[in-house]
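Letter by letter, the chains look like this.
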Amino acid sequence: MLQSLAGSSCVRLVEQHRSAWCFALLVLGYLLYLVFGAVVFSSVELPYEDLLRQELSKLKQRFLEEHACLSEQQLEQFLMRVLEASNYGVSVLSNASGNWNWDFTSSLFFASTVLSTTGYGHTVPLSDGGKAFCIIYSVIGIPFTLLFLTAVVQRIIVYVTRRPVLYFHIRWGFSKQVVAIIHAMILGFITVSCFFLIPAAIFSVLEDDWNFLESFYFCFISLSTIGLGDYVPGEGYNQKFRELYKIGITCYLLMGLIAMLVVLETFCELHELKKFRKLFYVKKDKEEDQVQIMEHDQLSFSSISDQAASMKDDQKANEPFVNSQSPTSNDSSLNN
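Basis of the calculations
Residues numbered from 1 in each chain as written. Predicted model: local features only at pLDDT ≥ 70, side-chain atom pairs only at ≥ 80, totals over all residues. Heavy atoms only, no water. UniProt positions renumbered as here; feature names shortened; annotations may be inferred. Patch = residues over 30% accessible without salt bridge, like charges linked within 9 Å, V, L, I, M, F, W, Y side chains within 5 Å. Areas by Shrake-Rupley, 256 points an atom, 1.4 Å probe, with all protein chains shown as cover. Salt bridge = Lys/Arg side-chain N within 4 Å of Asp/Glu carboxyl O. Lys, Arg positive; Asp, Glu negative; His and termini not counted. Charge placed at Lys NZ, Arg CZ, Asp CG, Glu CD. Helix = DSSP H or I, 4+ residues; strand = E, 2+ residues; numbered from the N terminus. Buried < 20%, exposed > 50% of the residue type's maximum accessible area, 1.4 Å probe, protein only. 1 Å grid on protein atoms, 1.4 Å probe; cavity = no way out; pocket = protein on both sides within 12 Å on 5 of 7 lines; lining within 4 Å. Points joined across faces, edges and corners; volume = space filled by probe spheres on them. Nonpolar A, V, L, I, M, F, W, Y, C, P; charged D, E, K, R; others polar. Expected span 1.5 Å × (residues − 1). Contact = heavy atoms within 4.5 Å. Polar contact = N/O pair within 3.5 Å; in protein donor to acceptor, adjacent residues only side chain to side chain. Axes fitted to C-alpha atoms, helices over the stretch in contact; angles between N-to-C directions. Left-handed = near helix turned anticlockwise from the far one by under 90°. pLDDT = per-residue confidence, 0-100.

An unreviewed UniProt entry lists the chain under the name Potassium channel subfamily K member 1, with Myiagra hebetior given as the organism. As stated in UniProt under Sequence similarities (unreviewed entry), the record for the chain gives "Belongs to the two pore domain potassium channel (TC 1.A.1.8) family."

Right, dumping it as structure tokens:
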């Protein structure tokens, strides 16, 4: 008896605080996912970093042995300056001196990466004025970009998602949920093909040092706005039609970002995902809902009464003018 009562009380307690328990599990799962990613990245990349460090150390020692007139301190100063310039997108290599980082097309590409929050980091402002303008430009431009993308996606999704789903639901009588799931899968496949697979194949041909995996990696890192900056197109030596290539990449990034947002919005509108998201939301109290309903009703009733009073006043104003006299004045005139 006591066990059944305790079990029922536990079940009741869990049901009352279901959203809090789900949110706690969500936080725990996210932290575990972060730890899992750190462990995997560390185990995979740490050996490669160790090999690279050993290789660079051997090259440095060999260079100092072949050039005995150069001290290690002078070499260190030279390398520090070269690395500092490389962080600003300026290379000391002779085969990279022909590419300017701040011509119009490169600046347009940089502005698009800043406003889309991709930020490859291969090119950064050098002057204090450029850094200050970048701050002001981003503060205004990033919300403006979000507004622009939201408006574009809202209009596209009507023709790409909602109308096709309603057409098959009403015209052919299919279940709306089933049609929405199939449509989302097809739309996701088309987006992956048009903005990941095909561009990856194109980049692997246009970029000499990229294979298909590296090209696909660039497309994913760019359209997901991660923007690590380890792969940036159009930066190779003697890149043909570099200006036109940069403009094309800028258009690709904007169109791909819009396509990604359309797909995400399509999946977010699925009934199953809506139910899943509600597990982690805080439910409103019934008293708050009733207060909001009462306030809404009072506002609506008061607005209706105000509208009725204003309509009566308008009707009186529109009626022909009548000389309204008080009854006492009429009686006195009759007596006279």
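Undergrad: Explanation requested: a positive patch on the surface in the structure shown.
TA: On the surface, a cluster of positive charge is made up of Lys176, Lys274, Arg277 and Lys278. Broken down by element, the residue count for the positive patch peaks at three residues, all from helix 9 (residues 271-278). With respect to the helices, strands and loops of the structure, Lys274 is situated in helix 9. The exposure class assigned to Lys274 is partly exposed, which follows from its relative accessible area of 37%.

Undergrad: I'm lost on empty space enclosed by the protein in this one. Help?
TA: By rolling a water-sized probe across the atoms, one finds the places where empty space is left. Counted according to the given criterion, the structure contains three cavities of 30 Å³ or more. What lines the largest cavity is simply Ser116, Thr118, Ser222, Leu223, Thr225, Leu253 and Leu257. For the lining of the largest cavity, the secondary structure elements donating two or more residues are helix 7 (212-223) and helix 8 (242-268). Partitioned by chemical class, the residues of the lining of the largest cavity number three nonpolar, four polar and no charged.

Undergrad: Please clarify how helix 7 should be interpreted in this entry.
TA: Each α-helix winds once per 3.6 residues, and so residues spaced three or four apart point in a common direction. Taking 1.5 Å per residue, 12 residues should reach 16 Å; helix 7 reaches 16 Å between its end C-alpha atoms and fits that length. The complete set of buried residues in helix 7 reads Ser215, Phe218, Cys219, Ile221, Ser222 and Leu223. If you follow the buried residues of helix 7, they end up packed against helix 6 (176-206) and helix 8. Structurally, the start of helix 7 carries an N-cap: the backbone nitrogen of Leu213 is 3.3 Å from a side-chain oxygen of Asn211. Two residues or fewer after helix 7 comes Thr225, characterised by a positive phi angle close to 60°.

Undergrad: It is not clear to me how the packing of helix 4 (residues 104-115) against helix 5 (residues 128-171) should be interpreted in this structure. Could you clarify?
TA: Packed helices, taken two at a time, are described by the angle between their axes plus the distance between the axes. Helix 5 packs onto helix 4 with a crossing angle of 65° between their chain directions and a minimal axis gap of 9 Å. The handedness of the crossing between helix 4 and helix 5 comes out as right-handed. Only Cys134, Tyr137, Ser138, Gly141, Ile142 and Thr145 of helix 5 make contact with helix 4, whose side of the interface consists of Phe110, Ala111, Val114 and Leu115. Looking at the contact of helix 4 with helix 5 residue by residue, the classes come out as seven nonpolar, three polar and no charged.

Undergrad: It is not clear to me how the confidence of the model for the chain should be interpreted in this structure. Could you clarify?
TA: For the chain, per-residue confidence averages 79 on the pLDDT scale, and residues scoring 70 or more make up 76% of the total. In the predicted structure, residues 293-312 sits below a pLDDT of 50 and forms zero contacts with residues beyond four places in sequence or in another chain. For residues 314-336, every residue scores under 50 in pLDDT, and the model assigns this stretch one contact once sequence neighbours within four places are set aside.

Undergrad: For this particular structure, what's the right way to read helix 4?
TA: Its 12 residues give helix 4 an end-to-end C-alpha distance of 16 Å, which sits within 8% of 16 Å, the value for a rise of 1.5 Å per residue. When helix 4 is considered as a whole, its buried residues turn out to be Thr105, Ser106, Phe109, Phe110, Ala111, Ser112, Thr113, Val114 and Leu115. Of the surrounding elements, those touching the buried residues of helix 4 are helix 5 and helix 8. Note on helix 4: the residue one or two positions beyond its end, Thr117, has a positive phi of about 60°.

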